[in-house]
Amino acid sequence: MAPVNVTVTGAAGQIGYALLFRIASGHLLGPDTKVNLRLLEIPQAVKAAEGTAMELDDCAFPLLSGIEITDDAKKAFDGVNVALLVGARPRTKGMERGDLLEANGGIFKPQGEAINAGAASDVRVLVVGNPANTNALIASAHAPDVPRERFTAMTRLDHNRALSQLAAKVGCAVTDIKKMTIWGNHSATQYPDLFNAEVNGQSAASVVNDEAWLADTYIPTVAKRGAAIIEARGASSAASAANAALNHVHDWVNGTAEGDWTSMAIPSDGSYGVPEGLISSFPVTCSGGEYSIVQGLEINEFSRARIDASVAELVEERDAVKALGLI
Ligand code: NAI
């Protein structure tokens, strides 16, 4: 089988450093799939990416067929099968949301165009760089020839955080928990849903049986975990973000486990009242390399209000990038 072309943007950044070695050792696509890595960076960071590539060489990974480093998006995405869009413009002090969206538009628009121009017909795109959902929307808008379902954004880190916080509360193993869902935006408005999640087959919300804890402790702890990591580590989540990106693509390609699902931010088909086309997080199952939204879940009033609030934020972001002419 020909090696799979995997492009990583922001390859010299902290997530890039935590991600590349695991991709090359088979954690993205499985232990039988060879990969060609393409590292895209801005010109000032190409040298650092070259240093990382030297270390990748020094690991002599059996699955790593080649590494190319470039600052040219067209080259980076030519023939790409899996694109991990990690590099983004972070919000700096005093930056307004409009400036942030505009700066990211300057990154995700040309990357969308380059994917449109050169990607392989089976390309799958995961946007990690924040604001991830809206950046994915921008990239997708500039890749009209690529089916829009191929553009996804990452809420898997939130999903994994939701699993481990729940396991700690009820004293179970993370593997005892199934059917966790993150709804909405990868932001502080995200909603981890314990009403549809199960602990050893029982409703997680009834096992917890403490709505105040759910509302006042659990949801904010999961949603604000990124800020807590920054506070403790002095830098944002990197290894856990890289791990989540691997989980996201691995499950998309190889499938979710029977009787379980995962969370992915994907273009809405209108399910659960989320406006069509918004890139919002849903419960999904994956099989045969495709995902589908889990249908028919009961959404109670508590959940409805929170899903609606997060989706409203996504609508606002979409309207803002529309007003800026980015989509
Ligand atoms: P970082 O600042 O360490 O690295 C970012 C890298 O992107 C830098 O090396 C920079 O040179 C590069 N870059 C910037 N513009 C680029 C462009 N146009 N093309 C290619 N490369 C470009 O940041 P870190 O920690 O690696 O995080 C990356 C992104 O991931 C941030 O936006 C962060 O907010 C986001 N993130 C998302 C998470 C999620 O759950 N969705 C979780 C954690 C981080």
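Residues numbered from 1 in each chain as written. Predicted model: local features only at pLDDT ≥ 70, side-chain atom pairs only at ≥ 80, totals over all residues. Heavy atoms only, no water.

1. Thoughts on unusual backbone geometry
Backbone geometry follows two general trends: most residues other than glycine have a negative phi, and most peptide bonds adopt the trans configuration.
In step 1: Along the chain, Asn-130 connects to Pro-131 via a cis peptide bond; the corresponding omega equals -10°.
In step 2: Located in the positive-phi region is Tyr-272, a residue other than glycine, with phi close to 55°.
In step 3: By secondary structure assignment, the location of Tyr-272 is in the loop between strand 12 (262-267) and strand 13 (279-287). (Helix = DSSP H or I, 4+ residues; strand = E, 2+ residues; numbered from the N terminus.)

2. Here we look at the site of the ligand
In step 1: Around the ligand lies a shell of 23 residues, among which Gln-14, Ile-15, Glu-41, Val-128 and Asn-130 are the nearest.
In step 2: Within the backbone of Gly-10, one N or O atom sits 3.2 Å away from a nitrogen atom of the ligand.
In step 3: Gly-13 is positioned such that a nitrogen or oxygen atom in its backbone is 3.4 Å from an oxygen atom of the ligand.
In step 4: Burial of the ligand by the protein chains amounts to 80% of its free accessible area of 870 Å². (Near = heavy atom within 4 Å. Polar contact = N/O pair within 3.5 Å; in protein donor to acceptor, adjacent residues only side chain to side chain. Areas by Shrake-Rupley, 256 points an atom, 1.4 Å probe, with all protein chains shown as cover.)

3. Digging into the UniProt feature "binding site: substrate" (unreviewed entry) in the protein
In step 1: Mapped onto this numbering, the UniProt entry gives "binding site: substrate" (unreviewed entry) at Arg-91, Arg-97, Asn-130 and Arg-161. Judged by maximum C-alpha separation, these annotated positions cover 71 residues in sequence and are scattered in space, the widest gap reaching 26.0 Å.
In step 2: Within the fold, Arg-91 resides in the loop between strand 4 (82-85) and helix 4 (97-118).
In step 3: Residues contacting Arg-91, with those up to four places away along its chain left out, are Glu-96, Arg-97 and Leu-100.
In step 4: Within the local environment of Arg-91, its side chain forms a polar contact with the backbone oxygen of Met-95, the two atoms lying 3.2 Å apart.
In step 5: By the element assignment, Arg-161 lies in helix 6 (residues 156-170).
In step 6: If sequence neighbours within four positions are ignored, Arg-161 has contacts with Val-222, Arg-225, Gly-226, Ile-229 and Ser-237. (UniProt positions renumbered as here; feature names shortened; annotations may be inferred. Contact = heavy atoms within 4.5 Å.)

4. Quick notes on the UniProt feature "binding site: NAD(+)" (unreviewed entry) in the protein
In step 1: Sequence positions flagged by UniProt for "binding site: NAD(+)" (unreviewed entry) are, in local numbering, Gly-10, Ala-11, Ala-12, Gly-13, Gln-14, Ile-15, Gly-16, Asn-104, Gln-111, Val-128, Gly-129 and Asn-130.
In step 2: Relative accessible area serves as the criterion here: at 9%, Val-128 is assigned to the buried category.
In step 3: Dropping the residues within four chain positions of it, Val-128 is found in contact with Ile-15, Leu-85, Val-86, Met-154 and Ala-245.
In step 4: Residue position: Gly-129 is located in the loop between strand 5 (124-127) and helix 5 (132-141).
In step 5: You can call Gly-129 buried: its relative accessible area is 4%.
In step 6: With near-sequence residues (within four places) excluded, Gly-129 lies in contact with Leu-85, Val-86, Ala-88, Phe-108 and Asn-135. (Buried < 20%, exposed > 50% of the residue type's maximum accessible area, 1.4 Å probe, protein only.)

5. Brief notes about the nonpolar core
In step 1: In terms of nonpolar packing, the biggest core is built from 40 residues, with Leu-166, Met-180, Leu-194 and Tyr-218 touching the most fellow members.
In step 2: Breaking this core down by element, the ones donating at least two residues are helix 6, strand 8 (181-183), helix 7 (204-208), helix 8 (211-223), strand 12, strand 13, strand 14 (290-293) and helix 11 (301-323).
In step 3: Counting residues in hydrophobic clusters, the runner-up holds 32 residues, among them Leu-29, Leu-37, Phe-61 and Leu-84. (Core = buried A, V, L, I, M, F, W, Y, C linked by side-chain atoms within 4.5 Å.)

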